[in-house]
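Residue-level structural notes
Residue-level listing of the chains:
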Amino acid sequence: MSTATEHAHDDHHHHMPTGIKRWIFTTNHKDIGTLYLWFAFIMFLVGGAMAMVIRAELFQPGLQIVEPNFFNQMTTVHGLIMVFGAVMPAFTGLANWLVPMMIGAPDMALPRMNNWSFWILPFAFIILLASLFMEGGGPAFGWTFYAPLSTTYSGDSTALFVFSVHIMGISSIMGAINVIVTIWNMRAPGMTWMKMPLFVWTWLITAFLLIAVMPVLAGAVTMVLTDKFFGTSFFDAAGGGDPVMFQHIFWFFGHPEVYIMILPAFGIISQIVPTFSRKKLFGYASMVYATTSIALLSFIVWAHHMFTTGMPVAAELFFMIATMLISVPTGVKVFNWVATMWRGSLTFEVPMLFALAFIVLFTIGGLSGLMLAITPVDFQYHDTYFVVAHFHYVLVSGAVFSIMAAVYYWLPKWTGKMFDVTLAKWHFWCSLISVNVLFFPMHFIGLAGMPRRIPDYALQFADFNKWISIGGFAFGLSQLIFLAVVIKACRKQGEPVSDQVWEGAEGLEWEIPSPAPYHTFETPPVVK
Amino acid sequence: MKNTLYGVLGSLLSVTAFADSGAQKDQYQLNLSKGVTDISGQVYDLHMLMFYICVAIALVVFGVMFYAMYFHRKSRGAKPAHFHESVKVEIAWTVVPFIILIFMAVPAAKTLIAMEDSSKADVTVLVTGSQWKWHYKYMDRDLSYYSLLATQPEQIQNKFAKGENYLLEVDRPLVIPTGKKVRFLITSDDVIHSWWVPDFAVKKDANPGFINEAWTRVDQPGIYRGQCAELCGKDHGFMPVVVIAKDPAEYEAWVSEQEAIQRKAKEEEQKLLAMNMSMEELMSVGERVYNTSCAACHMPNGEGLPGVFPALKGSDMALNDMPAHIDIVVNGKSGTAMQAFGKQLSLKELAAVITYERNAWGNNTGDTVQAKDVNAVMNGQ
C-alpha cells in the first residue's frame, strides 16, 4: 500500500522537556493521545465508582447506603462523567494517536490547540466533582438536566455544572476542528478519500457532528444558567417559556451525541475484524455511505426521546419512522462485518474477542433500540430500566468494548511489546460475563415496570436487582485487571513485537517501527 | 457528605441482615404485562411482534456469524476468500430491512392514532403532579383531593418489615368507573412529572404550565398501580399512582359520598373560626400533617437538607416572625420548591402544622396558631 519511512532517529534534534513538563507542554500527537487515554481511564474508574454506589443502594429494597438526594447526584454525575469524561476523551485520544499515523501525517494540524483542548479537560471535571462537596451537593437533576428541575428547583451547584459543561464543550469542539483540519489537509500523497481507513472516516464524520451539536449544548446550559440566576424564562411557562422546549434543544444535541459515541466505535471494529479475518473489509464504500447516512439521520430523530411529552400525533409518527430508518444503515454495518468474517481465516486474539463481543452485544442494544422507536410501545418502555438496559448495551458493551478492543489492538504498536495476553483474556471473559449479568436483567425489570432513577423500588424487583448489582460489582472489579494489563504494558514488560504486530494487519500505522517513534512520517509516505 | 460516608459503612455491615423478600407475586416477571384495556392489549401485541422480529433478525445474523467463527477458523485450515464487494447483496440487505420496517410501522401507527384520540370522554379527571404527590380533580363533579405515598417511613428505613405493596400504595387512590372512557388532563405545579399506569398503557408527562391529554377505558374492576416516571427531584421514587376501577353504580355512590364528606368538612371549617383548639390537639394533628406534607423536604427532625431545603429548627421565621410563617405555608414561595399549602390542607391542619413547627424540636415558642389566624392571612388581612 505504501512505502514506510523510518524516522526513529530524529528524536534528539529537539530539546524535549522531561518529567512533568514534557506532558504539560507537549504538542506531540502521541503524547496528547496518551494523556487523553489515561484521563479517560481515570474518569472511567471515577464514574464507575459512582455506579458502584448506585448498585450498592439498589442491592435490596429500602434505603440503606445513601439518601435519595445523594443518589440523584450519583446518577447525574455518573452519566456526565461517563459520557463527557470517559467515552468521548477516549475516542479523542485514539484519534490523536491513530489519525496521523493512518493518513501518513507527521502530527495533528493544530498541535498547540491540541495541547490546550486536552489540558482544559481536567479542570472541567475538577469543577464538576468539586460541586459534589458543596453544601446541598452537586447536580441532582439527571445528566439530561431537564428544566425546571435544573433551574428553579436546583441547587447553587448548577452554576458550576454549567461552567464545567462549557469547558467540556470547548475542548470537544477544538478536538473536532483539529481532526477535520488534519484529515482534510494532511493526508499523504495518494491517500484519496476512498482509501482512508474506516477509523479515519468515522472520526471525520464524528467531528462534524461534534461541531454541529456541541454549541447547541452550550446554548442549552447557558439558558439554564440565565433562567436560574438572571431571571429569564426560556423554560418557564409563567414567563412565556416552555419546559418542553428545553427537551427539544437538549435532544437536538443529545441524539447526534449518541452517534458521536458510537461512530468511532464502528470505525475501530471495521479495522479489527478484517485483520483477524485475514480478508479485506466487505463493502468499504457502503460502510462510508452508511456512516454518513447515520450521521445525517441523527439530526431528525431527536424527539423519539420525548414521545411522552405530549407531541401531536403527526410529530410522533414522523419521529417514529425517522428513527426506524436509522436501523437500515446500522444493519448494513453489522451485515458487512459478518460478511467480512464469512470465508475468512479467523483467529481470536484479544482485540478480536472484544470486537466480536461488540458486534453481538451492540446488535442486541440496537434491536432494543428498534423496539423503543415504536411510539405506542415506547409509552410503556419510556423512563424504565428497559431504556437503561438499551443504552448500556450500546454504550458499555458497545462503545466501551470498542475502546478496549482498540487499546488491545494498537497497544503493542505504541509500546513495542505484546501485552500480557493471559491477563487480557481474563479481563475479556470476566467483562463479557459480568456485563451481561449486569445489564441483561435490566430488560426484565424495565418491562415489569421499574422506573429509572429511583433509589428504592417495589419488592417484586428485588431479586433481579440483586443479580444486577452483583454483575455490576463484578464488572467494576474486572476493569482493575485491565488497569493491571495497561500498567504492565506501559512499563514495557512483554515480548517485543514486529512492525506489523498482527499477521493480517494492513495500513500505514503497521509499516512504521514498533514502538512507534516519537515522530513519524516527517516525510510523507506515498500511498499507491 | 459525612453522613453519607457513615451511611455507607453502616449499611455495608447490615447488607446481609435483610433477606426476606420472598412470597411476592410476579417476583420473576420477565415481560410487559398485557394490562386491562383494549389499548394496553394492542400495545402488548405490538411489543411481542417487535420482539419476535428482533429475535428472528438476531438469530439469522448471529447464526451466520457463529457459523463463520466455527467453520472459517484459521485453526481448521480455512484460507481467506478474496471477495469484498457485491452490489446485489448490499442492495438486498438495504431493501429487505426496509420492507420489514414498513411491516412494523403500519400496526404501530394504527394503535398510536387510537391512543391519542381522547375525544368523547364520559368522565374527565384533572391530574396534577407536584413534588411528590398527585392531585385529582373530577372536572364535572365537586370533588378533588391529594394522593400521597402511604408506605410508612419506617419500612423505607428498614425498621419495619416491608408490606406487600411497598412503595406502590397511597392514602387516597384515584377512583374511576369501569366501561367508561375516562379522560385525564395532566399537568404539574412545579417540575415535570409523568403519570404512568402500566396496566392501562398510559404514560404522559405532567408539564408545568401546559396540559396534556390521555385516556383509558377499563373493563375489569380492580386496583391498578403505577409510579411517577420522570425524575422530579429527591422523592421521585416515592410518588406512586394507584387507580381503583369500580363498576359505574359503585363509582357513582362513591363520588356522591365523597362530595358530601368534602362539603361537610368545609362547613365544619367555618365553625372552627369561632373556636380555639388546645395546644395538645394542635401538636398532635400538626405532627401528623408535618410528617405527610412537610417532612419530605424539611426532614422529620426539622433540620432540612443544608443547601437544598432550609431548616425549620431554630429558624428565625419559626421562632419569631409568625405572620411571615403563616404566609409562607399558605402561599408558598415562588421561585423555590416551597409549595402553597393553603389549597392542599384544611384551616385546622394549617393551624396545627404551623403550631407544630413553632414548638417542635426545641423551637418551644409557646405560640399557638388558630384556624382564624390562618383564615385572616388567606383572606389577605
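Sequence order sets the numbering: in each chain, residues are counted from 1 along the sequence as written. By the order in which they are written, chains take letters starting at A while ligands take numbers starting at 1. In keeping with the predicted nature of the model, local features appear solely for residues at pLDDT of at least 70, side-chain atom pairs appear and are counted solely at 80 or more, and the whole-chain, interface and lining totals rest on all residues. Excluded from the side-chain calculation are hydrogens and water; included are all heavy atoms of the structure.

Observations concerning the interface of chain B and chain A
Here a residue-residue contact requires only that any non-hydrogen atoms of the pair lie within 4.5 Å. Contacts between the two partners involve 104 residues from chain B and, on the opposite side, 102 residues from chain A. Accessible area that two parts lose when put together, evaluated with a 1.4 Å probe and summed over both, is termed the buried area. Both sides of the chain B and chain A interface together cover about 9,200 Å² of buried area, and 70% of this is carbon and sulfur. Interface area lost by chain B to chain A is led by B:Phe83, B:Trp93 and B:Leu231, which between them contribute 7%. Ionic pairing is found between B:Lys74 and A:Glu503, a salt bridge with its closest N-O pair at 2.8 Å. Pairs of N or O atoms are called polar contacts if they sit within 3.5 Å, as long as, within protein, a hydrogen donor faces a hydrogen acceptor (for residues adjacent in sequence, only side-chain-to-side-chain pairs). Seen at the junction of chain B and chain A, the total is 24 residue pairs in polar contact (both at pLDDT 80 or more). Under the scheme used here, helices are H or I runs from DSSP no shorter than 4 residues and strands are E runs no shorter than 2 residues, and both carry numbers assigned from the N terminus. For the side of chain B that touches chain A, the elements supplying multiple residues, two or more each, are helix H1 (2-14), helix H2 (38-71), helix H3 (87-115), strand E7 (202-206) and strand E9 (222-228) of chain B. Per-element accounting of the side of chain B that touches chain A gives the leading share, 16 residues, to H2(B). Here the residues of the side of chain B that touches chain A are counted per class, giving 57 nonpolar, 30 polar and 17 charged. Here a salt bridge means any side-chain nitrogen of Lys or Arg lying within 4 Å of a carboxyl oxygen belonging to Asp or Glu. Three classes are used, and their members are as follows: Ala, Val, Leu, Ile, Met, Phe, Trp, Tyr, Cys and Pro are nonpolar, Asp, Glu, Lys and Arg are charged, and the others, Gly among them, are polar.

Some thoughts on the sheet that holds strand E3 (residues 143-147) of chain B
Residues and elements named next belong to chain B. The strand order across the open sheet built from five strands is E3-E2-E1-E5-E8, with neighbouring strands paired in mixed fashion. Edge positions in the sheet fall to E3 and strand E8 (212-216), since each has one partner strand and no second. Taking each pair of neighbouring strands and ignoring which way they run, the sheet shows an average axis angle of 25 degrees. Two strands form a pair only when DSSP identifies at least two bridges running between them. The sheet contact formed by strand E1 (residues 123-130) and strand E5 (residues 182-188) spans seven bridges and is parallel. Looking at E5, one finds that Leu126 is bridged to Leu185. The convention used is that axes are lines fitted to C-alpha atoms, helices contributing only their stretch in contact, and that angles between N-to-C directions extend from 0 to 180 degrees.

Focus: a nonpolar patch on the surface
Each patch groups residues whose relative accessible area exceeds 30% and which form no salt bridge, using 9 Å between like charges and 5 Å between nonpolar side chains of Val, Leu, Ile, Met, Phe, Trp and Tyr. All accessible areas in this document rest on Shrake-Rupley with a 1.4 Å probe, and a residue is counted as covered only by the protein chains that are shown. A contiguous nonpolar patch, built from A:Ile321, A:Leu325, B:Phe98, B:Ile102 and B:Val106 and spanning about 420 Å² of accessible area, is present on the exposed surface. A residue is classified by how much of its surface remains accessible, and B:Phe98, at 41% relative accessible area, is partly exposed. We call a residue buried when its accessible area falls under 20% of the maximum for its residue type, exposed when it is over 50%, and partly exposed in between, using a 1.4 Å probe and counting protein chains only.

Remarks on helix H10 (residues 371-378) of chain B
Residue and element names in this part refer to chain B. What H10 keeps buried is the set Ala371, Val374, Asn375 and Val377. Buried residues of H10, viewed axially, fall in a sector of 160 degrees; they line one side. Turning to H10, the residues buried within the fold contact helix H5 (248-272), helix H8 (322-331) and helix H9 (347-359). Two residues or fewer after H10 comes Gly380, characterised by a positive phi angle close to 75 degrees. Directions pointing from the helix axis toward each C-beta atom define the arc.

Details of the packing of aromatic side chains
Residues and elements named next belong to chain A. Note on aromatic contacts: the rings of Phe and Tyr and the six-membered ring of Trp form a pair at centre separations within 6.5 Å, being stacked when their planes are under 30 degrees apart, edge-to-face when over 60 apart, and tilted otherwise. Using the criterion set out here, one finds 68 aromatic pairs over all chains in the structure. Relative to Trp502, the ring of Phe276 lies with its centre 5.3 Å away and its plane at 70 degrees, an arrangement referred to as edge-to-face. With Phe276 in helix H9 (residues 263-277) and Trp502 in the segment after helix H16 (462-490), the pair connects residues that are 226 residues apart, well separated along the chain. Like Phe276, the residue Trp502 is buried in the burial classification. Ring geometry for Tyr393 versus Phe440: centroids 6.2 Å apart, planes at 80 degrees, classification edge-to-face. Linking Tyr393 in helix H14 (residues 385-415) with Phe440 in helix H15 (residues 421-448), this pair joins segments that are 47 residues apart in sequence. Overall, the relative accessible area of 1% leaves Tyr393 in the buried class. Residue class for Phe440 comes out partly exposed when judged on its relative accessible area of 34%. Here, a charge over a ring means that NZ of Lys or CZ of Arg falls within 6 Å of the ring centre while also lying within 35 degrees of the ring normal. Note that Arg22 overlies the ring of Trp23, its terminal NZ or CZ placed 4.4 Å from the centroid. The residue whose ring lies beneath Arg187 is Trp193, and the NZ or CZ to ring-centre distance is 3.8 Å.

Some points on the pairing of E9(B)
All names here are of chain B. Relative to E9, strand E6 (residues 193-197) runs antiparallel, the two being bridged by two bridges. Bridge assignment links Trp196 to a residue of E9, and that residue is Gln227. In terms of strand pairing, E9 meets strand E10 (residues 240-246) through six bridges, oriented antiparallel. Bridge pairing in E10 links Gln227 to Pro240.

Regarding the packing of helix H2 (residues 29-57) of chain A against H16(A)
Residues and elements named next belong to chain A. At their nearest, the axes of H2 and H16 sit 10 Å apart, and the two run at 160 degrees to each other. As far as their axial angle goes, H16 and H2 are roughly antiparallel. For the pair H2 and H16, the crossing hand works out as left-handed. Its residues assigned to classes, the contact of H2 with H16 comprises 14 nonpolar, five polar and one charged. Under this scheme an angle from 65 to 115 degrees is roughly perpendicular, one under 35 degrees roughly parallel, and one over 145 degrees roughly antiparallel; angles in between are oblique. In this scheme the crossing of two helices becomes right-handed for a clockwise turn of the near helix relative to the far one and left-handed for an anticlockwise turn of less than a right angle.

Quick notes on the sheet that holds E9(B)
Two pairing modes exist for strands in a sheet, parallel and antiparallel, and in both the strands are linked by backbone hydrogen bonds. Residue and element names in this part refer to chain B. Strand order in the open sheet formed by five strands is E4-E10-E9-E6-E7, with mixed pairing between adjacent strands. Either end of the sheet is taken by a strand with one partner, and the two such strands are strand E4 (174-177) and E7. Adjacent strand axes in the sheet meet at a mean angle of 25 degrees when their direction is disregarded. Pairing geometry for E4 and E10, over four bridges, is parallel. Looking across to E10, one finds that Val175 is bridged to Ile244.

Points about the nonpolar core
Of all hydrophobic cores here, the largest spans 274 residues; its most connected members are A:Phe84, A:Phe125, A:Met341, B:Leu174 and B:Trp195. By residue number, the principal contributor to this core is helix H3 (residues 68-103) of chain A, which donates 22 residues. Discounting chain neighbours no more than four positions away, the residues touching A:Phe125 are A:Phe39, A:Met43, A:Leu80, A:Ile81, A:Phe84, A:Gly85 and A:Met168. What makes a nonpolar core is a set of buried Ala, Val, Leu, Ile, Met, Phe, Trp, Tyr and Cys residues whose side-chain atoms join them at distances within 4.5 Å. In this structure, B:Tyr290, B:Ala351, B:Ala352 and B:Tyr356 belong to the second largest nonpolar core, which totals 30 residues.

Concerning the UniProt feature "domain: Cytochrome oxidase subunit I profile" (unreviewed entry) in chain A
Here, UniProt's "domain: Cytochrome oxidase subunit I profile" (unreviewed entry) annotation points to residues 23-528 of chain A. For residues 23-528 of chain A, helix accounts for 68% and strand for 0%, while the C-alpha atoms at its two ends are 36 Å apart. UniProt positions are given in the numbering used here, feature names are shortened, and annotations may be inferred rather than shown by experiment.

Focus on the pattern of salt bridges
Residue and element names in this part refer to chain B. Taken as a whole and assessed by the stated rule, the structure comprises 16 salt bridges over all chains. The shortest N-O distance in the salt bridge between Arg141 and Glu259 comes to 3.3 Å. With a gap of 118 residues between them, Arg141 in the loop between strand E2 (133-138) and E3 and Glu259 in helix H5 connect regions that are remote in the sequence. Given a relative accessible area of 11%, Glu259 falls into the buried group. Across the salt bridge formed by Lys348 and Glu281, the nearest N and O atoms sit 4.0 Å from each other. Of this pair, Lys348 sits in helix H9 while Glu281 sits in helix H6 (residues 279-298), placing them 67 residues apart in sequence.

With respect to the confidence of the model for chain B
Residue and element names in this part refer to chain B. Per-residue confidence from the predictor is given as pLDDT, running between 0 and 100. Summary statistics for chain B give a mean pLDDT of 89 and a share of 93% for residues scoring 70 or more. Per-residue pLDDT stays below 50 along residues 1-25; that stretch engages in 24 contacts with residues further than four places along the chain or on separate chains. Prediction confidence for the complex, expressed as pTM and ipTM, is 0.92 and 0.92 respectively.

Here's the deal with the packing of helix H10 (residues 284-297) of chain A against helix H11 (residues 313-341) of chain A
Residue and element names in this part refer to chain A. Between H10 and H11, the least distance of the axes is 9 Å, while the angle of their chain directions is 155 degrees. Put simply, H10 runs roughly antiparallel to H11. H11 is crossed by H10, and the crossing has left-handed handedness. Along the contact surface, H10 presents Ser286, Met287, Ala290, Thr291, Ser293, Ile294 and Leu297, while H11 presents Leu325, Ile326, Pro329, Thr330, Val332, Lys333, Asn336 and Trp337. Grouping the constituent residues of the contact of H10 with H11 by class yields nine nonpolar, five polar and one charged.

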